[in-house]
Structure formats: structure tokens, C-alpha cells
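# Commentary on secondary and tertiary structure
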Amino acid sequence: MFTKNDLKAMSRKELEKLLSDVKKALQAARNRDQREARKAATKAAAEFGFSLGEISETQPSTPAKKRANVKKASKPSMPMYANPDDKKQTWTGKGRQPNWFRSQIESGTAPDAMRI
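Reference entry: report on the structure contained in this document. In this text the structure is predicted, and so the values were computed from the model without any measurement. (Residues numbered from 1 in each chain as written. Predicted model: local features only at pLDDT ≥ 70, side-chain atom pairs only at ≥ 80, totals over all residues. Heavy atoms only, no water.)

### Focus on the pattern of salt bridges
Going by this rule: Salt bridges are counted wherever a side-chain nitrogen of Lys or Arg sits within 4 Å of a carboxyl oxygen of Asp or Glu. Under the scheme used here, helices are H or I runs from DSSP no shorter than 4 residues and strands are E runs no shorter than 2 residues, and both carry numbers assigned from the N terminus. To sort residues, take the accessible area from a 1.4 Å probe on protein chains only and compare it with the maximum for the residue type: under 20% means buried, over 50% means exposed, and anything in between is partly exposed.
Tallied over the entire structure, the rule returns three salt bridges. Across the pair Glu16 and Arg12 runs a salt bridge whose closest N-O atoms are separated by 3.0 Å. Within this pair, Glu16 and its partner Arg12 are both found in helix α2 (residues 12-47), separated by four residues, close to a single helical turn. On the accessibility criterion, Glu16 (43% relative accessible area) is partly exposed. By relative accessible area, which is 62% here, Arg12 ends up exposed.

Encoded structure:
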């Protein structure tokens, strides 16, 4: 086992070699654990009269629509207000007010006057 002092005393090259060895050992341990898990799963499936391949075929238990937690795209809202100076600039009335709308309000224009 290494202590902090042992690691501090090692050169960069020695540390890189140690890191490489640790990565290889971790991969070997992962492969070994995976083999053992596969053996245990095969044994458990055999106890019930199945092969591992028969029970590992995944079939969705719920429809894909319920599983996918994706919000449906909604239609964009229709604009409610238009800039009197530039009719191409519109606002739906939802969310943050655009700068042109705020400046029109500050200059005395009523919101109803900008309504489409």
C-alpha cells in the first residue's frame, strides 16, 4: 500500500506508470466481475428452466410514450401585440416584455393601441 509520502517521492514517470498499471488492474477486475455476474445470472436462469438469452430479451413493459419523459412540442402562440413603428416586431403577451413594447409604454402608448 502506498502512503502520501511514497507518492510524493515518486517521479512523474513513475507515477504515470503506476497510473497505467492501476487502469489495467481496474479493467481486469471489471472483466472478472462481469464474468462472475454472467455465470451467476446463467445459473439463476437455469434454475427456472430458461437460458440467459431467453430472459435477457427486453420487451418494453410500458408504451414508449409513457417511458419517454419528453414534453410534446406545442404550437407557437399567436402574437397579440405589434410594434406601431415596425409591424414585423410582434409579441404574444407571454414571457418577458420586448424592449420595443416597454419603450412604447414608457412613451405613453396604451397596450390596447398596440393590440393586433
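### Considering the packing of aromatic side chains
As a reminder, the rule being used: Between 30 and 60 degrees the pair is tilted, below 30 it is stacked and above 60 it is edge-to-face, where a pair is any two Phe, Tyr or Trp rings, Trp via its six-membered ring, whose centres lie within 6.5 Å.
Counted by the stated rule, this structure contains four aromatic pairs. Relative to Phe101, the ring of Trp100 has its centre 5.9 Å away and its plane inclined at 80°; by these criteria the two rings are edge-to-face. Clustering of aromatic rings is evident, with ring pairs tying together Tyr81, Trp91, Trp100 and Phe101.

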